[in-house]
Amino acid sequence: MSKPRVAIFDFACCEGCQLQIVNLEEEILDLIGAVDVVEWREAMSEQSTEYDIALVEGSITRPEDEERVKVIRQRAKVLVALGACATIGGVNKLKNHFDLDEVKQCVYGEAASMPHLATAMTKAVDEVVPVDFKIHGCPIDRTEFTYVIRCLLLGKTPVIPDYPVCVECKAKGNICRWEYGEVCIGPIIRAGCGARCPSSNFRCFGCRGLIDNPNLDAARDVMDRYGLTVEDLKQKMELFCSKQGPTL
Amino acid sequence: MSKNIRINVHHLTRVEGHGNIVVNVANGTVEKCQWQVPEAPRFFEAMVRGRRWDDIQTIVSRICGICSITHSLASTKAVEDALGLEVSEQTDLLRILMHYSEQLQSHVLHVGYLVAPDLFRAPSVVPLVPKAPDAVKTIIRVHRVANTWSDLLAGRTTHPTTLKPGGLTKIPTEKELRDLQETLKATVSDLVTICEVVLSVADKMPAFERDTEYVSLRQNDPPTYTFYHGGITSTDCNGDGPVPIQQWESVANEYVHPQSTAKWTRWHRDSYAVGALARFNNNADLLSPLGKKVAAMFGLKKGCCNPFMNNVAQLVEAAHVVETSIGMIDELLTRGLKSEKVQVTPKAGRGSGCVEAPRGILFHSYEFDKDGLCTGGNICIPTNQNHANIQKDFETFVPAFMDRGQDELRLGLEMLVRSYDPCISCSTHMLDIEFVK
């Protein structure tokens with residue numbers, strides 16, 4: 001059996017999720033042995049038009065990028081959204097809170113009306129084409145990445161946690177960030193990161209997106225106990241979870 | 001000899017972000033010669049408005065995956081400048097140590113994975129694995145060391161989770177620092193090996209020089225080969241005191257070129273260059289002994305105007321940061337690590353932060369209202385500052401090398417762009433150029 005052909009593509013993003021693939025270090029040699037990487041602009045000069053697995057990083061922010069991702073979808077048997085920009089729109093969706101002409105004016109001033117600066121509302125990949133699997137996080141977690149790829153190679157369906165970050169945070173024995181007066185949105189955010197930020201004494205800011213059935217009553221209790229308002233919570237939720245669709 | 005050349009590289013590979021190269025030579029006359037950037041703009045300066053002072057780093061770190069620590073440090077310093085926060089010496093040392101891990105990571109990634117394939121005439125690092133397994137594994141090993149180092153100081157390799165205005169959320173233990181020091185000591189011989197491998201193919205870098213202004217940080221008190229403190233200087237400053245970083249807008253002078261729609265920067269001339277070679281040209285006398293030794297291996301001297309030598313300057317800096325960090329860890333251990341409490345009261349103000357990204361000097365400025373909500377920001381990325389200089393290099397390089405034929409010229413131009421280590425998705429100011437048919 002020939003090795004599955006894998007291609008990696010990027011749209012509007014920081015390319016930090018691709019970097020996590022490079023950061024597999026020695027393990028990347030095993031990965032290259034198991035699959036045939038046919039296109040990866042950031043690392044290779046080769047290109048291809050057929051792939052079994054397409055990994056798509058970044059948000060879709062322009063009409064021409066919608067067309068490009070549709071072509072990728074047509075050519076790919078399996079399409080995986082890689083990282084928060086692709087899975088939920090990520091920080092790029094902060095732009096959607098403003099009038100788009102005003103956003104361009106703010107950054108480009110007099111040049112704002114030039115046609116190549118056209119921008120549209122930021123979309124996650126699945127708002128444009130069907131997505132088969134999502135690897136969450138900003139950036140993605142390297143262990144979760146290899147787990148998902150391994151599942152795909154074995155024909156299995158990867159299991160992504162559908163419980164909040166608090167579960168992993170408590171298991172690590174961390175003191176709750178709320179006790180320090182911080183607004184941590186771990187109670188409503190999908191786990192799977194190993195509560196990496198709270199374990200560094202940094203509040204969860206929601207890069208893996210909202211879980212599908214957050215325990216809103218519990219979240220309300222926590223807010224009441226710490227005297228926080230909806231506005232406080234909104235400030236934090238908007239960072240990564242603006243206008244977000246389903247995350248599984 | 002062919003007098004007609006058409007080069008159209010759409011989405012140049014092995015660079016961060018999207019760029020195009022277009023060259024058209026007809027009957028020996030250069031008709032078009034352009035470096036274009038069609039990257040999707042992301043509008044960070046607009047998106048930070050209305051966000052709290054303690055969320056700025058979380059947002060703008062996402063400008064760039066490769067230099068996320070640098071963006072995080074520049075923005076954190078800018079917020080501290082605006083809110084009038086001082087940090088402790090311990091915080092300062094630990095942040096510089098964190099910053100060095102990114103310099104090593106990025107330089108090794110660039111030279112080892114993105115540039116080396118050109119020098120070995122391979123399309124990527126993948127075919128080099130069976131050809132030179134030991135060399136590739138040495139590069140991977142050093143890259144892993146850099147990332148483990150970032151993990152320890154920044155909380156992870158990409159998008160730090162330990163920075164907050166006024167201090168750090170988490171500091172390493174003394175044992176962890178001691179272990180890191182041992183690892184760094186063991187890395188020195190691997191670094192020398194990488195330098196020897198690059199030296200063995202260094203003749204593949206074109207002998208091309210163009211007199212250029214180089215801009216970087218300069219720190220005189222105490223004299224340091226700086227990535228983090230000091231003021232702004234250039235090779236055209238003739239030793240005049242560095243410009244305070246708060247005045248960066250008068251250095252970058254962003255402008256629109258009449259022949260194109262691209263925003264470029266200029267200071268004393270029509271263009272300037274930033275990056276490892278710029279830092280070297282301004283600060284080489286302050287390098288560590290190992291840094292100086294690597295420079296001597298390649299014959300790299302202050303005043304070098306060959307842009308391809310930026311790759312060599314990156315190796316020099318890789319050696320410098322490793323050696324310097326070994327000494328810094330001694331200093332930290334001698335002082336002893338203390339946990340620190342930080343209290344911040346938001347206030348209205350404007351502040352700037354400037355640090356050296358691996359690929360060149362980076363500026364961030366923010367303004368806050370009395371509640372600590374951001375009312376505006378301005379960010380100037382190293383790749384923006386190199387854009388005009390890449391174009392100027394092209395204009396000299398194409399006539400000088402076009403008699404080597406289309407394929408060699410194309411490879412030379414691709415290598416020239418890569419040598420700047422561009423980080424195109426960072427550079428939200430960069431605009432697309434449409435050339436006239």
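Up top you'll find the structure we're talking about.
Along each chain, residues carry numbers from 1 onward, in the same order as the chain's sequence is written. Starting at A for chains and at 1 for ligands, labels are handed out in the order in which the entities are written. Given that the model is predicted, a residue must reach a pLDDT of at least 70 before its local features are reported, and side-chain atom pairs must reach 80 or more before they are shown or counted; all residues, however, enter totals for whole chains, interfaces and linings. Hydrogens and waters are ignored; side-chain quantities use all the structure's heavy atoms.

Caption draft 1: Local environment of the overall build of chain A. A tally of regular secondary structure across chain A gives 10 helices and five strands. Throughout, the radius of gyration refers to the C-alpha atoms, and the reference size of a globule is 2.2 Å times the residue count to the power 0.38. Relative to the 2.2 N^0.38 estimate, which gives 18 Å for 248 residues, the radius of gyration of chain A is 19 Å and therefore close to what a compact globule would have. A total of 248 residues make up chain A; the buried ones form 58% of that total. Look at the contacts in chain A between residues 6 or more apart in sequence, and 74% of them connect residues 24 or more apart. Charge-centre separation for chain A: the mean point of 29 positive side chains lies 2 Å from the mean point of 37 negative side chains. Each helix corresponds to a stretch of at least 4 residues labelled H or I by DSSP, and each strand to a stretch of at least 2 residues labelled E; elements are numbered beginning at the N terminus. Relative accessibility under 20% of the residue-type maximum defines a buried residue, over 50% an exposed one, and the middle range a partly exposed one, all with a 1.4 Å probe and only protein chains included. When checking whether two residues touch, look at their non-hydrogen atoms; a contact exists if any pair is within 4.5 Å. The convention is simple: Lys and Arg are positive, Asp and Glu are negative, and His and the chain ends are not counted. To locate a charge, the coordinates of NZ of Lys, CZ of Arg, CG of Asp or CD of Glu are taken.

Caption draft 2: Layout of the interface of chain B and chain A. Listed as interface residues are 67 residues of chain B and, on the opposing side, 56 residues of chain A. For the pairing of chain B and chain A, the buried interface totals around 5400 Å² over both sides, and the portion due to carbon and sulfur atoms is 58%. By salt bridge we mean one thing: a side-chain nitrogen of Lys or Arg within 4 Å of a carboxyl oxygen of Asp or Glu. Where chain B touches chain A, the interface holds seven salt bridges. Polar contact is defined as a pair of N or O atoms within 3.5 Å, subject to the rule that within protein one atom must be able to donate a hydrogen and the other to accept it, and that residues adjacent in sequence are counted only when both atoms are side-chain atoms. Scanning the region where chain B abuts chain A turns up 23 residue pairs in polar contact (both at pLDDT 80 or more). At the level of secondary structure, the elements contributing two or more residues to the side of chain B that touches chain A comprise helix 1 (44–47), helix 2 (56–60), helix 4 (89–119) and helix 6 (133–154) of chain B. Element by element, the count of residues in the side of chain B that touches chain A is highest for helix 6 of chain B, at seven residues. Classifying every residue of the side of chain B that touches chain A gives 24 nonpolar, 23 polar and 20 charged. The buried area of a pairing is the accessible area, by a 1.4 Å probe, that goes missing from both parts when the two are put together, added over both. Three categories are distinguished: nonpolar for Ala, Val, Leu, Ile, Met, Phe, Trp, Tyr, Cys and Pro, charged for Asp, Glu, Lys and Arg, and polar for the others, with Gly belonging to the last.

Caption draft 3: Geometry of the sheet that holds strand 8 (residues 231–234) of chain B. All names here are of chain B. The strand order 7-6-8 describes an open sheet built from three strands, whose pairing is antiparallel. Each having just a single partner strand, strand 7 (223–224) and strand 8 make up the two edges of the open sheet. Docked against the sheet, helix 9 (residues 276–283) engages strand 6 (215–220) and strand 8, running at close to 40° with respect to strand 6. Criterion used throughout: strands pair if DSSP finds at least two bridges between them. Axis geometry follows a simple rule: fit a line to the C-alpha atoms, using only the stretch in contact for helices, then measure angles between N-to-C directions, giving values from 0 to 180 degrees.

Caption draft 4: How the structure looks around unusual backbone geometry. Each neighbour pair has its own omega, and for Cys138(A) with Pro139(A) the value is -5°, a cis peptide bond. Residue position: Pro139(A) is located in the loop between strand 5 (133–135) and helix 6 (142–154). The residue after Asp221(B), namely Pro222(B), is reached through a cis peptide bond having omega -10°. Residue placement: Pro222(B) occurs in the loop between strand 6 and strand 7. In the Ramachandran plot, Glu15(A) falls in the positive-phi region, its phi being about 65° despite a non-glycine side chain. A relative accessible area of 0% places Glu15(A) in the buried class. With a phi close to 50°, Asn27(B) is a non-glycine residue in the positive phi region. For Asn27(B), the position within the fold is in the loop between strand 2 (20–26) and strand 3 (29–36).

Caption draft 5: Examining the environment of Cys204(A) more closely. Residues and elements named next belong to chain A. In this structure, cysteine 204 sits in the loop between helix 8 (196–199) and helix 9 (216–225). Given a relative accessible area of 8%, cysteine 204 falls into the buried group. Setting aside anything within four residues of it in sequence, one finds cysteine 204 in contact with Val165, Val183, Cys184, Ile185, Gly186, Ile189 and Pro198.

Caption draft 6: Fine view of the sheet that holds strand 5 of chain A. Residue and element names in this part refer to chain A. The strand order 2-1-3-4-5 describes an open sheet built from five strands, whose pairing is parallel. The outermost strands of the open sheet, each flanked by one partner alone, are strand 2 (36–40) and strand 5. Ignoring which end each strand starts from, the neighbouring axes of this sheet average 25° apart. Relative to strand 5, strand 4 (residues 76–82) runs parallel, the two sharing three bridges. When the bridges of strand 5 are listed, valine 80 appears paired with phenylalanine 133.

Caption draft 7: How the structure looks around the packing of aromatic side chains. All names here are of chain B. Pairing of aromatic side chains here covers Phe, Tyr and the six-membered ring of Trp, requires ring centres within 6.5 Å, and sorts the geometry by plane angle: under 30 degrees stacked, over 60 edge-to-face, intermediate tilted. Scanning the entire structure with this criterion turns up 11 aromatic pairs over all chains. For the pair phenylalanine 308 and phenylalanine 397, a centre-to-centre distance of 6.1 Å together with 50° between the ring planes defines the contact as tilted. Pair noted here: phenylalanine 308 is in the loop between helix 10 (289–298) and helix 11 (310–335) and phenylalanine 397 is in helix 12 (residues 382–401), with a separation of 89 residues, a long-range link. Here the two residues phenylalanine 308 and phenylalanine 397 agree in accessibility, since each one is buried. Among the aromatic residues, those joined into a ring-pair cluster are Phe208, Phe308, Phe397 and Phe401.

Caption draft 8: Local environment of the pairing of strand 3 of chain B. Residues and elements named next belong to chain B. Pairing of strand 2 with strand 3, which is carried by seven bridges, proceeds in the antiparallel orientation. Bridging from a neighbouring strand, valine 23 pairs with cysteine 33 of strand 3. The turn joining strand 2 and strand 3, which pair antiparallel and follow one another in sequence, is formed by two residues; a positive phi near 50° is taken by asparagine 27.

Caption draft 9: Structural view of helix 9 of chain A. Residues and elements named next belong to chain A. Of all the residues in helix 9, the buried ones are Ala219, Val222 and Met223. The buried residues of helix 9 occupy an angular sector of 100° when the element is viewed end-on, so they sit on one face. Turned more than 90 degrees from where helix 9 packs its buried face, Asp217, Asp224 and Arg225 sit exposed. Just past helix 9, the residue glycine 227 takes up positive phi, approximately 65°. To obtain the arc, one takes the directions from the helix axis to the C-beta atoms.

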